[in-house]
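# Remarks on the overall topology
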Amino acid sequence: MCRETWIVWFLIFSTFAGGTIAATQVQERKSRKVNRVKRPKFSEKDWDGIYFKNLFKDGLVGPRPAQLMPGATASNKPTGFGSSEESSEPTETSSQWHGLVSATTIEDEVKAIQKRLGMEVTTPVKFKSEYSKAHQSFSMLSMLFGIVREYDSEVRWKRFASEAQISFERAAANSRVGTIQAYESCKRRKADLEEMIRGGNFNESEKAPEELDWSAVIDRSPIMKRLQVSKDLLKQLSSNEKEFSDGTEKIFHESELVAAMGYALMMENMTDADDDGYLDLAKSMIAAAKQTKNACLNQDYESAATAINLIDQSCNNCHDEWK
């Protein structure tokens, strides 16, 4: 057999052997069984006792813990919400704030307003037609940081409260009109708020007065509009027991805001704050807001619905008398 023939046969054999080996390896890979971990299965009983089915009903059991300032003791702790020592009367030190609105509600409302401002202060053209929305938002911020200034226990952003309050007070005054100057002012204050919420400092635009004049801190009109929003939400979320159960946290939040706004509207030099009839209606609204809050803590739908109706009645009676 000639040399060329041997070479041809060798090439044929090599090709056949290589193909056979490759086919065998592919077959082995296809037939190899891979054992995987089975997908876990869970039943409701596996989670029982780990998570609360209802935070307010199951988690908030027992007396409310005292909110103590650093270094405070139980003997000088602030009066708790619903305490028999509490009063609806404003005091010179405004020490009632912590009993009306929690630090958590203040923080949550400030963050909610910051999100709204992101849609209200966008372009000069939009601001020109919708500046009243920004006016209400900055009015609420001025009120909230006025509360933070006077808050008698720890609350977030307290070290910036004076600078923030006076800045938002000015922004609220500027946003009564839709001019480009008002827009630029509101845009700067919006940026300051965003920076503070992110954990930065608040840009001090002017020196805040040592004492708050609540008649300058807020106007009654934008606060009344926010009260109407709270009232509508409370009525909606108490329309039936299921709505109440699903919306307890929101009801709790809004009831605290109602109490805080009602108290702010009673402060010295506020419009009609020297009228006994006006003060009586404001106190009734605050008392009903407290009842609503306590009903949320106790998961008591009937009490909540009754208290929310009292809030509504107080507002309606006030509107009938002071339009």
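Residues numbered from 1 in each chain as written. Predicted model: local features only at pLDDT ≥ 70, side-chain atom pairs only at ≥ 80, totals over all residues. Heavy atoms only, no water.

Our focus in this paragraph is the nonpolar core. Within the largest apolar cluster, 75 residues are counted, with the highest numbers of intra-cluster contacts made by Met143, Phe145 and Trp214. What Trp214 contacts, discounting residues up to four positions off in sequence, is Trp97, Met143, Gly146, Ile147, Glu150, Ala264, Met267 and Met270. (Core = buried A, V, L, I, M, F, W, Y, C linked by side-chain atoms within 4.5 Å. Buried < 20%, exposed > 50% of the residue type's maximum accessible area, 1.4 Å probe, protein only. Contact = heavy atoms within 4.5 Å.)

What follows covers helix α7 (residues 161–174). Taking 1.5 Å per residue, 14 residues should reach 20 Å; α7 reaches 20 Å between its end C-alpha atoms and fits that length. Within α7, the full set of buried residues consists of Ala161, Ala164, Gln165, Ile166, Ser167, Phe168, Glu169, Ala171 and Ala172. Here the buried face of α7 lies against α6 (124–150), α8 (180–197) and α9 (214–217). (Helix = DSSP H or I, 4+ residues; strand = E, 2+ residues; numbered from the N terminus. Expected span 1.5 Å × (residues − 1).)

What follows concerns the pattern of salt bridges. Applying the stated rule across the entire model yields 16 salt bridges. A salt bridge links Glu107 to Lys111; the shortest N-O distance between them is 3.0 Å. One end of the pair is Glu107 and the other is Lys111, both in helix α5 (residues 103–120) and four residues apart, which spans about a single turn. A relative accessible area of 22% places Glu107 in the partly exposed class. A salt bridge links Asp192 to Arg189; the nearest nitrogen and oxygen atoms lie 2.9 Å apart. Note that Asp192 and Arg189 are positioned in helix α8 at a spacing of three residues, about one turn of the helix. The exposure classification of Asp192 matches that of Arg189, with both residues buried. Here the residues in one salt-bridge network are Glu109, Arg116, Arg226, Lys250 and Glu254, joined through shared partners. (Salt bridge = Lys/Arg side-chain N within 4 Å of Asp/Glu carboxyl O.)

Right, let's talk about the side chain of Glu109 for a bit. Take Glu109: it is sitting in helix α5. For Glu109, a relative accessible area of 2% puts it in the buried group. Excluding residues that lie within four positions of it along the chain, Glu109 makes contacts with Arg116, Met140, Leu144, Arg226, His253 and Leu257.

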